[in-house]
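Listed below are the residues making up each chain.
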Amino acid sequence: QPLTADDSDLPTEYSLSDNYPNPFNPATTIAFAVPETAPVSITIYDLLGREVSTLLQEVKNAGRYRVTFDASGLASGIYFYRIQAGRFTDTKKMMLIR
């Protein structure tokens, strides 16, 4: 029997999950979901709003994804990560502890 994709597990809405672990040192994982093919970017900012890293900038098909942020070389402190996918935008806070 041919394999068929299980569409029931595809996300029905955009989402950005809390990073894990948080606080972290030096790496953390960020999970997100897209319900349809869309350009996705995930950007990291410092407390002053300066961009410190672009984790992802590509078109993704509908599905659930994880990206790892390695903060080696960054100072301890609070950082924000922001997703832009289609017309969806969300921002969350994370803490790097050295």
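Rules used in this analysis
- Residues numbered from 1 in each chain as written.
- Predicted model: local features only at pLDDT ≥ 70, side-chain atom pairs only at ≥ 80, totals over all residues.
- Heavy atoms only, no water.
- Helix = DSSP H or I, 4+ residues; strand = E, 2+ residues; numbered from the N terminus.
- Buried < 20%, exposed > 50% of the residue type's maximum accessible area, 1.4 Å probe, protein only.
- Areas by Shrake-Rupley, 256 points an atom, 1.4 Å probe, with all protein chains shown as cover.
- Lys, Arg positive; Asp, Glu negative; His and termini not counted.
- Charge placed at Lys NZ, Arg CZ, Asp CG, Glu CD.
- Core = buried A, V, L, I, M, F, W, Y, C linked by side-chain atoms within 4.5 Å.
- Contact = heavy atoms within 4.5 Å.
- Pairing = 2+ DSSP bridges.
- Axes fitted to C-alpha atoms, helices over the stretch in contact; angles between N-to-C directions.

Chemist: Help me out: how do you make sense of the overall build of the protein chain in this one?
Modeler: Assigned secondary structure in the protein chain consists of zero helices and seven strands. The secondary structure elements of the protein chain, listed N-terminal to C-terminal, are β-β-β-β-β-β-β. Dimensions of the protein chain along its principal axes, counting C-alpha atoms only, are 55 × 25 × 15 Å. Counting the 98 residues in the protein chain, one finds 31% classified as buried. Summed over all atoms, the accessible surface of the protein chain reaches about 6300 Å², with 48% contributed by carbon and sulfur. Once the 9 positive and 11 negative side-chain charges of the protein chain are each reduced to a mean point, those two points are 7 Å apart.

Chemist: In this structure, what is going on with the nonpolar core? I would like to understand it.
Modeler: One recurring pattern in soluble globular proteins is that nonpolar side chains are buried together. Judged by nonpolar contacts, the single largest core of 20 residues is most densely connected at Phe32 and Val40. Listed by contribution, the elements that provide at least two residues to this core are strand S2 (27-34), strand S3 (38-46), strand S5 (63-70), strand S6 (77-85) and strand S7 (88-96). When sequence neighbours within four positions are dropped, the list of residues in contact with phenylalanine 32 reads Ser15, Leu16, Val40, Ile42, Leu56, Gly63, Arg64, Tyr65, Val67 and Ile83.

Chemist: What is the right way to look at the environment of threonine 68 in this model?
Modeler: The topology assignment puts threonine 68 in strand S5. The spacing of threonine 68 and tyrosine 20 is 48 residues in sequence and 9.6 Å in space, taken between C-alpha atoms. Residues within four places of threonine 68 in sequence aside, it is in contact with Ala27, Thr28, Thr29 and Leu55.

Chemist: How do you make sense of the sheet that holds strand S1 (residues 15-16) when you look at a structure like this?
Modeler: Adjacent strands of a sheet form backbone hydrogen bonds with each other and so pair up, either parallel or antiparallel. An order of S1-S2-S5 is seen for the three strands of this open sheet, with the pairing classed as antiparallel. Whereas interior strands pair on both sides, the edge strands pair on one side only; in this sheet they are S1 and S5. Where S2 lies against S5, eight bridges are found, and the strand directions are antiparallel. Within S5, the residue paired with phenylalanine 32 across the bridge is tyrosine 65.

Chemist: Hey, could you run me through the pairing of strand S4 (residues 51-60) in this one?
Modeler: Taken residue by residue, a regular strand's side chains alternate between the two faces of the sheet. Relative to S4, S3 runs antiparallel, the two being bridged by eight bridges. Counterpart to alanine 38 in the pairing with S4 is lysine 60. The turn joining S3 and S4, which pair antiparallel and follow one another in sequence, is formed by four residues; a positive phi near 85° is taken by glycine 49.

Chemist: Looking at this structure, I do not really get the sheet that holds S3. What am I missing?
Modeler: With antiparallel pairing, the four strands of this open sheet are ordered in space as S4-S3-S6-S7. Looking at the sheet topology across the chains shown, the edges are occupied by S4 and S7. Ignoring which end each strand starts from, the neighbouring axes of this sheet average 15° apart.

Chemist: Would you explain the side chain of lysine 60 in this entry?
Modeler: In this structure, lysine 60 sits in strand S4. Not counting the four nearest positions on each side in its chain, lysine 60 is found in contact with Val34, Glu36, Thr37, Ala38, Val40 and Tyr65.

Chemist: Can you walk me through the environment of alanine 27 in this structure?
Modeler: Looking at the element boundaries, alanine 27 is found in strand S2. Beyond its immediate sequence surroundings of up to four residues, alanine 27 is in contact with Pro21, Thr68, Phe69 and Asp70.

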